[in-house]
Amino acid sequence: MSEMTPQPQPVDLMIEARWVVPVEPHAVVLENHAVVVQDDRIVALLPVAEARVAYAPRERVELGEHALIPGLVNSHTHNPMTLLRGLADDLPLMVWLQQHIWPAEAKVIGPEFVRDGVELAVAEMLRGGTTCANENYFFPDVIGATYRKLGFRAVVGLPVIEFPTAWAKSQDEYFDRAGEVHDSFIGDPLISTAFAPHAPYTVSDESFERIRMQSDQLDIPVHLHTHETAHEIEEEKKKSGLRPFQRLQKLGLVNDRLIAVHMTQVTEGEIAACASAGVSVVHCPESNLKLASGFCPAEKLRQAGVNVAIGTDGCASNNDLDMFGEMRTAALLAKAVAGDAAAFDAAFALRAATLNGAKAIGLEAKIGSIEVGKQADFAAVRLSELETQPLFQVISQLVYASGRHQVSDVWVAGVRKLAGRELVGLDTGAILARTRAWRERIASA
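Residues numbered from 1 in each chain as written. Predicted model: local features only at pLDDT ≥ 70, side-chain atom pairs only at ≥ 80, totals over all residues. Heavy atoms only, no water.

**Focus: unusual backbone geometry**
At the junction of Glu-24 and Pro-25, the peptide bond is cis and its omega measures out at 0 degrees in the coordinates. Checked against the element boundaries, Pro-25 lands in the loop between strand E1 (9–20) and strand E2 (30–38). Within the chain, His-262 stands out as a residue other than glycine whose phi angle is a positive 90 degrees. On the secondary structure map, His-262 appears in strand E10 (residues 258–262). The class of His-262 is buried, set by a relative accessible area of 0%. Residue Ala-413 is not a glycine yet carries a positive backbone phi of 50 degrees. Topologically, Ala-413 is positioned in the loop between strand E14 (407–412) and strand E15 (415–419). (Helix = DSSP H or I, 4+ residues; strand = E, 2+ residues; numbered from the N terminus. Buried < 20%, exposed > 50% of the residue type's maximum accessible area, 1.4 Å probe, protein only.)

Structure representation (structure tokens):
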């Protein structure tokens, strides 16, 4: 008597793609593969023919002209600032910040501004294949609640700065409120937290010491603008006799929890210290270019073994949240800075925008690659358009020729958030109406 044929296993979702780029293993492209999802997790990755025999999905999505990649991770952003996009352009960092951005923020900042800015940002990010943001702004309680409501993954920064703001008036209040916000998101499937001291020039030694102690206790990262400009370094040397990075070393903050953002001015010794301590560096090439802040030596950092991730920075200094554009710029700029056309290759650029970003924010066990057991965060990129033909190398095409307009479908934790370029569960008309209202209010403030 013949054995009974095993019944296909019921699952929630099967995505069949012409190509799957899992990122781990590195630089691999799998042809005609299926990703199988149950609840919010990847349960199998195998050839389509085998998947069709083994699984009975409740939903099957066929992507015959697409590359399926891990959702992109924007490792440094200030997303409420989408509402300040284009407000003050073509200015150096300190003039831009102190004479334009901070005064504009002071007139409008509050929970509604933050909520509406995040909602606009989420819509933009999803349409560009981004599924996770490392957020750095005031009112983190509202930021986290908005991301949670919209079903978007985020690490919410707990701000610390030495002057009063609409969020907190004193050092103690910044820390008290940070603790409350952190506690409110413990165990949340999509939202986690990090300390977000603004920068060495706006945070005292005492605050840094409290941050170091509490980040150890809570086991959360420290997300910090570091060595953004030459001016910042000169000012710190005048004040303390130390480079800002040396000061951070002295205070015990140079460790595997530090997310050092920008790092345009670094010595060989600082690169080596980052590598040995396990520091993650977030490269924000377009913001640095636009503000003429300098060039992060991304290839030197990569060669030294530093975890290099990519971020857009905020829309007031970029002016977009386009991680495809950022990947391309990062790869091209690194080659020019290193004087080496082989530097920061396409596969590494994609890794920096996915798995390295996940590692920087402490989420590499959950996201950043398409592997069994990880969260089902994906972006599908249509590669059949004339702008991406002929196609010889999938990863090269993703980084050097594709645009965010080619992202057709996006999932966060197994939930479809973009379907055939249409946002799911977001009211685009309402977002645009609120954004226009903020434009009028900010312009007349």
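**A short note on the packing of aromatic side chains**
Counted under the stated rule, the structure contains eight aromatic pairs. The ring centre of Phe-175 lies 4.2 Å from the NZ or CZ of Arg-210, which sits over that ring. Against the face of Phe-348 rests Arg-302, its NZ or CZ located 5.4 Å from the ring centre. (Phe/Tyr/Trp six-rings, centres within 6.5 Å; stacked < 30°, edge-to-face > 60°. Lys NZ or Arg CZ within 6 Å of the ring centre and 35° of its normal.)

**As for the sheet that holds E2**
Strand order in the open sheet made by the eight strands is E3-E2-E1-E4-E13-E14-E15-E16, with mixed pairing throughout. Strands with a single pairing partner mark the edges of an open sheet, and in this sheet they are strand E3 (41–47) and strand E16 (422–423). Here E1 runs beside E2; their pairing, made up of seven bridges, is antiparallel. Bridge pairing in E2 links Val-20 to Leu-30. (Pairing = 2+ DSSP bridges.)

**What about the packing of helix H3 (residues 111–127) against helix H4 (residues 140–150)?**
Interhelical geometry of H3 versus H4 gives an angle of 40 degrees and a closest axis separation of 9 Å. One finds that H3 runs oblique with respect to H4. Where H3 crosses over H4, the handedness of that crossing is right-handed. Here Pro-111, Val-114, Arg-115, Val-118, Glu-119, Val-122 and Met-125 of H3 lie close against H4, whose contacting residues are Val-142, Ile-143, Thr-146, Tyr-147, Lys-149 and Leu-150. (Axes fitted to C-alpha atoms, helices over the stretch in contact; angles between N-to-C directions. Parallel < 35°, antiparallel > 145°, perpendicular 65-115°, else oblique. Left-handed = near helix turned anticlockwise from the far one by under 90°. Contact = heavy atoms within 4.5 Å.)

None of this, on its own, says anything about what the molecule does.
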